[in-house]
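Commentary on secondary and tertiary structure
Now for the letters of each chain:
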Amino acid sequence: MSNITPAPVRKESRLNFIGSFLAWVFTGFGLFRKRNAEEVVIYTVNKGFFMWPLILAGFVGGIWVNHWPGSANAWGWIYIITLIYTFVTLLHELNTWKFVFWLGVILLIYLIVRYPLGSFGILPGLSSWLANLQPTFSPDAGIAVSWLLLILFVGSLFSSFAEGRKTFTPNSIEEFHFGRGSEIQDRGGLRFKTNYRDVLETVLGFGAGDLVAYDRANRVVKRYENVLFLFFRWNRLDKVLHQRFALVDNVE
């Protein structure tokens, strides 16, 4: 079993922490920040992060419809589709095969409703009813909802920055917890696998996935869920995981 040793609590003022948080956000959640070549820093996020498309749709749709009122119907459908996508992401997990299956089911239902067979039954009436639907996007309502959701979104970002930072070096894994200090674990004997268990979360998390650590007995030691940019950072992370520093004692 790997050793876990708590590191001393870092004393950071609130002002410095807020400044670091803003710098983290404006550097693409740390993606574009220059770091030591011998370490990789990743961040895990919670479910609240995946609300960003709905927030963006509310703000963009509100501004767009205010300038071009004729687009209210189109933005009504865009907002509904974004809402359904967000809710499915938050409530369900769809791996690749489940995603393909349900995508085929939705496409089949659409074709049946759009091109009903025969001139009687419920499907022709349902097709006509759906064709006559004209949902109208309300700019004020959309913007108001986005402002409320933005508060929760910023809270999820703050939680990720304060609790979700993991630093991988050739010898250790350091987990930072704001207000409590750091936890350093020797990663000797551990092997790591990536797991993209939810296609929808992977898309909204810009290549997000899970990073799972196993020991020599093939037992799960650590599981880091919803790691941002994992798909794009795996090559660099894999290089660090395959390195190992040796300590040499030169004292006579």
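My aim in this report is to walk through the structure given alongside it, one point at a time. (Residues numbered from 1 in each chain as written. Predicted model: local features only at pLDDT ≥ 70, side-chain atom pairs only at ≥ 80, totals over all residues. Heavy atoms only, no water.)

So, about helix H6 (residues 139-163). A turn of α-helix holds 3.6 residues, and therefore any two residues three or four places apart point the same way. Counted at 1.5 Å a residue, the expected span for H6 with its 25 residues is 36 Å, and the 35 Å between its end C-alpha atoms agrees. Buried within H6 are the following residues: Pro139, Gly142, Ser146, Leu149, Phe153, Ser156, Leu157, Ser160, Phe161 and Ala162. (Helix = DSSP H or I, 4+ residues; strand = E, 2+ residues; numbered from the N terminus. Expected span 1.5 Å × (residues − 1). Buried < 20%, exposed > 50% of the residue type's maximum accessible area, 1.4 Å probe, protein only.)

Attention shifts here to the packing of helix H2 (residues 52-67) against helix H3 (residues 72-91). Look at H2 against H3: their axes get within 9 Å of each other, and the N-to-C directions meet at 175 degrees. Judged by the angle between their axes, H2 and H3 are roughly antiparallel. Within the contact between the two elements, H2 uses Pro53, Leu54, Ala57, Gly58, Val60, Gly61, Trp64 and Val65 and H3 uses Ala72, Trp75, Tyr79, Thr82, Leu83 and Thr86. Residues that form the contact of H2 with H3 fall into these classes: ten nonpolar, four polar and no charged. (Axes fitted to C-alpha atoms, helices over the stretch in contact; angles between N-to-C directions. Parallel < 35°, antiparallel > 145°, perpendicular 65-115°, else oblique. Contact = heavy atoms within 4.5 Å. Nonpolar A, V, L, I, M, F, W, Y, C, P; charged D, E, K, R; others polar.)

The next thing to look at is the packing of aromatic side chains. Applying the stated criterion across every chain, the model contains 15 aromatic pairs. With a centroid separation of 5.9 Å and an interplanar angle of 85 degrees, the aromatic rings of Phe49 and Phe50 are classed as edge-to-face. Exposure remark for Phe49: the relative accessible area of 1% places this residue in the buried category. A relative accessible area of 0% places Phe50 in the buried class. Each member of the aromatic cluster is reached from another via a ring pair, and the members are Trp64, Trp68, Trp75, Tyr79 and Phe137. One Lys or Arg, Lys193, reaches over the ring of Tyr214 and ends 5.4 Å from the middle of that ring. (Phe/Tyr/Trp six-rings, centres within 6.5 Å; stacked < 30°, edge-to-face > 60°. Lys NZ or Arg CZ within 6 Å of the ring centre and 35° of its normal.)

For Trp97, the position within the fold is in helix H4 (residues 96-114). C-alpha of Trp97 to C-alpha of Val199: the two residues are 102 residues apart in sequence and 9.5 Å apart in space.

This paragraph deals with empty space enclosed by the protein. Counted by the stated rule, this structure contains one cavity of 30 Å³ or more. Mapped by element, the contributors of at least two residues to the lining of the largest cavity are helix H7 (199-204) and strand S7 (209-214). In terms of residue class, the lining of the largest cavity is built from one nonpolar, three polar and four charged. (1 Å grid on protein atoms, 1.4 Å probe; cavity = no way out; pocket = protein on both sides within 12 Å on 5 of 7 lines; lining within 4 Å. Points joined across faces, edges and corners; volume = space filled by probe spheres on them.)

The subject of this paragraph is the sheet that holds strand S6 (residues 191-195). Taken together, three strands build an open sheet; the order of strands is S6-S7-S8 and the sheet is antiparallel. Edge positions in the sheet fall to S6 and strand S8 (220-227), since each of these pairs with one other strand and no more. Geometrically, the sheet is characterised by an average inter-axis angle of 20 degrees between neighbouring strands, direction not taken into account. Direction of pairing for S6 relative to S7: antiparallel, over a ladder of five bridges. Directly across from Asn195, in S7, lies its bridge partner Asp210. (Pairing = 2+ DSSP bridges.)

Turning our eyes to something else, we now look at unusual backbone geometry. A positive phi angle is found at Asn218, which is not glycine, with a value near 65 degrees. If you trace the backbone, Asn218 turns up in the loop between S7 and S8. You can call Asn218 partly exposed: its relative accessible area is 46%. At Phe229, a position not held by glycine, the phi torsion is positive, near 60 degrees. When you line up the elements, Phe229 lands in the loop between S8 and helix H8 (230-241).

Turning our attention to the pattern of salt bridges. Using the criterion set out here, one finds eight salt bridges in the structure. Glu175 serves as the salt-bridge partner of Lys222, at 3.1 Å between the closest nitrogen and oxygen. With Lys222 in strand S8 and Glu175 in strand S4 (residues 172-177), this residue pair connects regions lying 47 residues apart in the sequence. For Asp215, the salt bridge goes to Arg219, with nearest N and O atoms at 3.0 Å. (Salt bridge = Lys/Arg side-chain N within 4 Å of Asp/Glu carboxyl O.)

What follows concerns the nonpolar core. By size, the foremost hydrophobic cluster in this structure holds 25 residues, and its most contacted members are Trp24, Phe29, Phe49, Ile55, Leu157 and Leu228. Of all the elements in the fold, those that place two or more residues in this core are helix H1 (14-26), strand S2 (40-43), H2, H3 and H6. Element by element, the count of residues in this core is highest for H2, at five residues. Apart from the residues within four sequence positions on either side, Ile55 is in contact with Ser146, Leu149, Leu150 and Phe153. In this structure, Ile42, Leu190, Leu211 and Leu237 belong to the second largest nonpolar core, which totals 15 residues. (Core = buried A, V, L, I, M, F, W, Y, C linked by side-chain atoms within 4.5 Å.)

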